[in-house]
Amino acid sequence: LLINFAVLKGGEDKITVTWGLNQTVAAGTDSTYKTIKVKLCYAPISQVDRGWRKTVDDLKKDRTCQHKIVARPYNPANNTAQSHEWTVERDVPTATYFIRAYAYDADEKEVAYGQTTDAGRTTNLFQVQAISGRHVTVDTCSICFSVFSVVSLFGFFYNEKRNAKRPQ
Amino acid sequence: MEIEGQATVKESHPPKFALPVDSEHKATEFRLFSVAAPHMRAFHLSWVSFFACFVSTFAAPPLLPIIRDNLNLTASDIGNAGIASVSGAVFARVAMGTACDLFGPRLASASLILLTAPAVYFTSIASSSTSFLLVRFFTGFSLSTFVSTQFWMSSMFSAPVVGTANGVAGGWGNLGGGATQLIMPLVFALIRDIGAIKFTAWRIAFFIPALFQTLSAFAVLIFGKDLPDGNFRRLQKAGDKTKDKFSNVFYHGITNYRGWILALSYGYCFGVELTIDNIVAEYFYDRFDLQLHTAGIIAASFGLANIVSRPGGGMISDAVAKRFGMRGRLWALWIVQTLGGVFCIILGRVGSLGPSIAVMIVFSLFCQAACGLTFGVVPFVSRRSLGLISGMTGGGGNVGAVLTQLIFFKGSKYSKETGIMLMGIMIIFCTLPICFIYFPQWGGMFCGPSSSKIATEEDYYLSEWNSEEKEKGLHLSSLKFAENSRRERGRKQDCETRPVDETPSTQV
């Protein structure tokens, strides 16, 4: 698998992922592969103190790879270099990542995978800088409504004082 | 510092009320579906505004899966923000109690609500773990409107129904903590479906609780009245109100040991409730591998039980008081809260999903009923410093929440289930001091009323005023309250000591 380095910006930058069957394995190993799913996975440094991204052996409970990049049906006849260009989506959080491609069989069971990093998941990592999600409009409204709340309170105080002076 | 005290209304202009009232013009009946001014209107205004504050304070937890990715939060950041959200109110509640004594519940609560609304609006602008912690901290101050709610109800409703009024108002306000777990994900989904991206949608969603909070404060200011006869300021200018000194109110509040005992015990019913609000969704999610929204629904049901459990506690308090007086209120509180502790221990031990949910619901019923029962006792601890005692008790609730989260739910020292079990044990221990509460005129859990001559309701409440103050007539409303509180002797005692001389309810 090949990817670009540098900090990628959510919503803007692109990743080109290329994957293919390791040519050194015995022929016929890929006969059960039906779909390939390529996913964005959290590197260990981004899993620290974040239990919702934990790596667990049982794949059903594993939360390492939460963002799907692409899913393609697998054709054993064409088992060399496939590639896909993906724009980093706007809901991808700021973190350090690697990429993994899973091969699934006809029963949607994972049968093989490959990844852009080593077994300890320490090399060849890249970072994504997420969008903030903030908007000038939202910011302005927040400030205006806040000021309005406080000012109206003092308006009420002033009104109270005036009314208290009037006879009942 | 000069402050407004209780109102002594001149009988020259007796106003008409929709509900039957006593000599202080407090309602002796509680009619839930009425909005009649001033009593029931005050009730609806206070519970709705308190509900809004709860919705705001716990609006973040259900959206955390999105927020934690947007702001790059760690589990520690989230835990600290959770503790911050309940710690602000520790002192704010005590301050609120005093503010109610000084300025009246209407201005005190509306001021706090409008001053904390900016924190909710600014949640939309949060961009780091620090800013997130700060907005949760300041938003949490709004939970001290609990005290103004209880103070207001204690000022509007008479002894036979004060437990019910306090329980329903408190319970329906606390409901906000459960409702928000359902509301916020729905609002978020709606905004996202309209077209906003996730990291923007949650920010916009926070405008809903913020606006709700602002509008409820306006309603309180426009439609509410501090006392059955009017607002503090106007009554004061017309000469119908007495002034009291802050230092005296403070002194008589903090020197009353019963206030401290109730503050401790409230920390282990309400404090536990707040802790559970913060941790239970994660507990079910992790232990039973549920989907986040399923865990959220279960979490919501804990808070939603408040619709009946806390009012139920208040009603039990009033019902028990009819027959057994204050002693009954104390026994009921101790029994219910201790049982809450027992079910908490069981919850920590249960390992399968269905029974766990069932035990959690039973636990919530007892825990929240204990909250209602506590505020069946609080109105009688002091008359002069009612606000401060309410504030101390309320503040104690938040201290309990901070303590339990710090001891049992921070970091990985205990698994959540062990933490829950240990919390249950702590509940049982911290409920025992209730056995030491003793009123000379009514008795305590294990002792009957004092047989000495200076042990009547008047003696107890007037002991808060010295002879100088009595000469100035500052104590008159305490006197009225003392008369009305004679009911706390219970039916048996009352018949023995006062066969015919019952204080009648004034019907106007």
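Residues numbered from 1 in each chain as written. Chains lettered and ligands numbered in written order. Predicted model: local features only at pLDDT ≥ 70, side-chain atom pairs only at ≥ 80, totals over all residues. Heavy atoms only, no water.

K.L.:
Describe in detail the packing of aromatic side chains, supporting the description with residues and values.
P.N.:
Counted under the stated rule, the structure contains 43 aromatic pairs over all chains. An aromatic cluster of three or more residues is present, and its members are Phe30(B), Phe43(B), Trp47(B), Phe51(B), Phe157(B), Trp172(B) and Phe212(B). Just above the ring of Tyr42(A) sits the side chain of Arg53(A); from NZ or CZ to the centre is 4.1 Å. Across the ring face of Phe439(B), the terminal group of Arg258(B) is positioned such that the distance to the ring centre comes to 5.1 Å. (Phe/Tyr/Trp six-rings, centres within 6.5 Å; stacked < 30°, edge-to-face > 60°. Lys NZ or Arg CZ within 6 Å of the ring centre and 35° of its normal.)

K.L.:
I'd love a proper account of a nonpolar patch on the surface, names of residues and values included.
P.N.:
All names here are of chain B. On the surface, Trp331, Ile335, Leu339, Val342, Ile346 and Phe446 cluster together to form a nonpolar patch covering roughly 480 Å² of accessible area. Within the fold, Leu339 resides in helix H15 (residues 309–349). For Leu339, a relative accessible area of 32% puts it in the partly exposed group. (Patch = residues over 30% accessible without salt bridge, like charges linked within 9 Å, V, L, I, M, F, W, Y side chains within 5 Å. Areas by Shrake-Rupley, 256 points an atom, 1.4 Å probe, with all protein chains shown as cover. Salt bridge = Lys/Arg side-chain N within 4 Å of Asp/Glu carboxyl O. Helix = DSSP H or I, 4+ residues; strand = E, 2+ residues; numbered from the N terminus. Buried < 20%, exposed > 50% of the residue type's maximum accessible area, 1.4 Å probe, protein only.)

K.L.:
Which residues make up the state of the cysteines, and what values do they have?
P.N.:
All names here are of chain B. Under the counting rule described, the total for this entry stands at 1 disulfide over all chains. Among the cysteines around Cys100, which has no disulfide bond, Cys53 carries the closest sulfur, lying 13 Å off. The thiol of Cys430 is not disulfide-bonded; the next cysteine sulfur, from Cys269, is found 11 Å away. (Disulfide = S-S within 2.5 Å.)

K.L.:
Explain the UniProt feature "transmembrane region" (unreviewed entry) in chain A to me, using residue names and the numbers behind them.
P.N.:
In the numbering adopted here, UniProt assigns the feature "transmembrane region" (unreviewed entry) to residues 136–158 of chain A. Between the C-alpha atoms that bound residues 136–158 of chain A the distance is 33 Å, and the span itself is 100% helix and 0% strand. (UniProt positions renumbered as here; feature names shortened; annotations may be inferred.)

K.L.:
With reference to specific residues and values, describe a positive patch on the surface.
P.N.:
All names here are of chain B. Together, Lys322, Arg323, Arg487 and Arg491 line one region of the surface with positive charge. Locating Arg491 in the fold gives a position in helix H22 (residues 490–497). Judged by relative accessible area, which is 47%, Arg491 ranks as partly exposed. (Lys, Arg positive; Asp, Glu negative; His and termini not counted. Charge placed at Lys NZ, Arg CZ, Asp CG, Glu CD.)

K.L.:
Describe the interface of chain A and chain B, naming the residues involved and giving the relevant values.
P.N.:
Each partner contributes residues to the interface: chain A has 38 residues there, and chain B has 43 residues. For the pair chain A and chain B, the summed buried area comes to about 3,600 Å², and 63% of that belongs to carbon and sulfur atoms. Joining chain A to chain B, the criterion identifies 3 salt bridges. Note that Arg106(B) and Glu160(A) form a salt bridge whose closest N and O atoms lie 2.5 Å from each other. (Contact = heavy atoms within 4.5 Å. Buried area = accessible area lost by both parts, 1.4 Å probe.)

K.L.:
Could you give an account of the nonpolar core, naming the residues involved and the relevant values?
P.N.:
Residue and element names in this part refer to chain B. Counting residues in hydrophobic clusters, the biggest one holds 54 residues, and the most contacted among them are Leu274 and Phe380. With 7 residues, helix H3 (residues 75–103) is the single largest residue contributor to this core. Apart from residues no more than four positions distant in its own chain, Leu274 is found in contact with Phe54, Phe58, Val86, Leu143, Asn398 and Ala401. Core analysis: the next-biggest nonpolar cluster, separate from the first, contains 32 residues, Met40, Phe157, Val161 and Val168 among them. (Core = buried A, V, L, I, M, F, W, Y, C linked by side-chain atoms within 4.5 Å.)

K.L.:
Can you break down the pairing of strand E2 (residues 14–19) of chain A residue by residue, with the values?
P.N.:
Residues and elements named next belong to chain A. Burial along E2 is one-sided: the residues Ile15, Val17 and Trp19 are buried and none of Lys14, Thr16 and Thr18 is. Examined bridge by bridge, E2 and strand E5 (residues 82–87) share 6 bridges and lie antiparallel to one another. Paired with Thr16 across the two strands is Glu85, which belongs to E5. (Pairing = 2+ DSSP bridges.)

K.L.:
Mind laying out helix H18 (residues 416–431) of chain B, listing which residues take part and the relevant values?
P.N.:
Taking 1.5 Å of rise per residue, 16 residues should cover 22 Å, and H18(B) covers 22 Å from first to last C-alpha, within 8% of that figure. Where the residues of H18(B) are buried, they touch helix H12 (257–267), helix H13 (270–288), H15, helix H16 (353–377) and helix H17 (386–408) of chain B. (Expected span 1.5 Å × (residues − 1).)

K.L.:
Go over unusual backbone geometry, please, and point to the residues and values.
P.N.:
Residue and element names in this part refer to chain A. Even without glycine at this site, Arg121 takes up a positive phi of about 60°. When you line up the elements, Arg121 lands in the loop between strand E7 (110–115) and strand E8 (126–129). Note on Arg121: relative accessible area 18%, which makes it buried. A positive phi is found at Asn124, a non-glycine position, where the angle reads about 60°. With respect to the element layout, Asn124 can be found in the loop between E7 and E8.

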